[in-house]
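If you want the building blocks of each chain, they are given just below.
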Amino acid sequence: MKARWTPLALVAAGTLAPFAARAVDFNFAGTLQLDYLFTPFTNRDPRPSSFVIDGFTQELSIKVAADIGRHTTANVKACFGCHGFEAGMGYVDFRLSDAFNVRVGRFTPTFGEFNLRHDPGNHRLSDKPLPYDMGRMLRFFDFGRSVLPSPYVDNGVEVWGTATISSRLQLAYAAHMVTGLRALSPDAQDVDFSVMRTSSGQLIADNNSEPSVGGRVGVTARLADRVDLSVGASALWGRYDPAGRLQYLVVGGDFFLRLPSTNIRAEYLIRRTEMDATDPARLAFVVSSLPDDPTRTFHTRDGWYVEVEQRVRPNLDVLLRWDGMRRIGNVATGSALEFDAGVSRWTLGTQLTLERGYRLKASAQHYQWWGLRNAPPEEFAFHLGAVATF
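Report on the accompanying structure. Per chain, residue numbering runs from 1 following the sequence as it is written. Local features are withheld for residues below a pLDDT of 70 in this predicted model, meaning they are given only at 70 or higher, and side-chain atom pairs are given and counted only at 80 or more; totals for whole chains, interfaces and linings count all residues. Note: side-chain values were computed over all heavy atoms of the structure, leaving out hydrogens and water.

Side note on the overall build of the chain
Then step 1. Secondary structure follows DSSP: runs of H or I at least 4 residues long count as helices, runs of E at least 2 residues long count as strands, and numbering of each begins at the N terminus. Helix and strand content of the chain: two helices and 16 strands.
Then step 2. This radius of gyration counts C-alpha atoms alone. The globule rule is 2.2 Å times how many residues there are, raised to the power 0.38. Taking 21 Å as the expected radius of gyration for a compact globule of 390 residues, we find that the chain reaches 24 Å, a close match to that expectation.
Then step 3. Buried, partly exposed and exposed residues are distinguished by accessible area as a fraction of the type maximum, computed with a 1.4 Å probe on protein chains only: under 20%, between the cut-offs, and over 50%, respectively. Residues counted as buried form 44% of the 390 residues belonging to the chain.
Then step 4. We call two residues in contact whenever any of their non-hydrogen atoms come within 4.5 Å of each other. For the chain, the share of sequence-separated contacts (at least 6 apart) that also reach a separation of at least 24 residues comes to 61%.

Things to note about the environment of G90
Then step 1. Structurally, the position occupied by G90 is in strand β4 (residues 84-97).
Then step 2. The class for G90 is partly exposed, based on a relative accessible area of 32%.
Then step 3. Spatially, the C-alpha atom of G90 lies 40 Å from that of F339, the residues being 249 residues apart in sequence.
Then step 4. Those residues within four positions of G90 in sequence are excluded, and the remaining contacts are N75, V76, V104, G105 and R106.

A look at a nonpolar patch on the surface
Then step 1. A surface patch of nonpolar side chains, amounting to about 770 Å² of accessible area, comprises F94, L96, F100, V104, V157, M177, V213, W237, L249 and V251.
Then step 2. Taken together, the elements giving at least two residues each to the nonpolar patch come down to β4, β5 (100-107) and β10 (247-258).
Then step 3. By the secondary structure assignment, V157 is in strand β6 (residues 154-166). Patches were defined on residues exceeding 30% relative accessible area and lacking a salt bridge, with like-charge contacts within 9 Å and nonpolar side-chain contacts (Val, Leu, Ile, Met, Phe, Trp, Tyr) within 5 Å. Areas reported here follow the Shrake-Rupley algorithm with a probe of radius 1.4 Å; residue values treat only the protein chains shown as occluding. Salt bridge, as applied in this entry: a Lys or Arg side-chain nitrogen positioned within 4 Å of an Asp or Glu carboxyl oxygen.

Digging into empty space enclosed by the protein
Then step 1. With a 1 Å grid laid over protein atoms only, a set of points is called a cavity when a 1.4 Å probe fits there but cannot get out and a pocket when it is open yet has protein on both sides within 12 Å along at least five of seven lines; lining residues have an atom within 4 Å of a point. Grid points are joined across faces, edges and corners, and a volume is the space filled by probe spheres set on the points. With the rule as written, the count across this model stands at three cavities of 30 Å³ or more.
Then step 2. Considered as a void within the structure, the largest cavity measures approximately 700 Å³ in volume.
Then step 3. For the lining of the largest cavity, the secondary-structure elements that each account for two or more residues are β1 (25-38), β2 (55-67), β3 (72-81) and β4.
Then step 4. With five residues, β2 is the largest single contributor of residues to the lining of the largest cavity.
Then step 5. Grouping the amino acids of the lining of the largest cavity by side-chain chemistry returns 13 nonpolar, 13 polar and twelve charged. In this classification, the charged set is Asp, Glu, Lys and Arg, the nonpolar set is Ala, Val, Leu, Ile, Met, Phe, Trp, Tyr, Cys and Pro, and all remaining amino acids, among them Gly, are polar.

The structure is reproduced here in structure tokens:
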């Protein structure tokens, strides 16, 4: 009996195999950037490595997307950088219509404009704007984290979509509920972004059973042929300590003007973070507690960037960026920061496309500091990098 059915089974398998192979379509993509950061030695800082991650750094991302069905797509992304390997994403999209889609899993919650292009293959300079910095700025170990290090990856659900209002006007929205920013200490004084990485060895789970909520609303207008203007507003809110006592709020606005040979981008974002003030001796300055709770105070950390990208030749872009970051509020005892501290930075850079999928990046940067003890008033840094996309 088995012998009789074997030929039929082989014929059926051969006939159905192409359909089975086409049932799931896979798409593979990746980006590799190798960048060298050099900052000159000074008498005050003979070893730059004490305050910056200089020298060679690599950013590698590999992404696989699979079309599971007519309305369902799965995406998985792995990244490698100075923190080691990370799960950059692992989610499923249910595309019900242009106006309503659902994303579940591990992803980058929609916030601002830069997060959409945080991969080094999608922006022209070697490093990120200061409000989204992930550790490449000078004095990183003294100044601390940025407003919202990018990519900010979290577990949860997001609904998103676009709606065409007219032939020249489009509305985009996204709203999410995710695990949220967190810190493990019950007497935390700031968010601890390091514990949110998959390589941290910590549980990638909610630490206070209270999810964070947020989203973005944006409008894009077609002003003329090949001229588009986009503006958006974003917000994140949640509680980050284990007891769910300390709140954070991040709000921001973004602007993007696309011209035939020029792109102009700008963003501003600010994070208000509550701090534990149960023991005033742990804080460097006189505590100004919240009116409803003397055991809490807060600090703010805001940042901005304005970037002009000019196409000079088909394979050559020149960029000028002004960005900065400021922190206002109490600090831990022994911190290098004053009550009001900040940095302003100018960057002049270029990107040269050697051939499709392979580019060189170079930039020079000028830093100016205030409110940072033992730091010179100004410093310089230089980047040289190569990017391959595949």
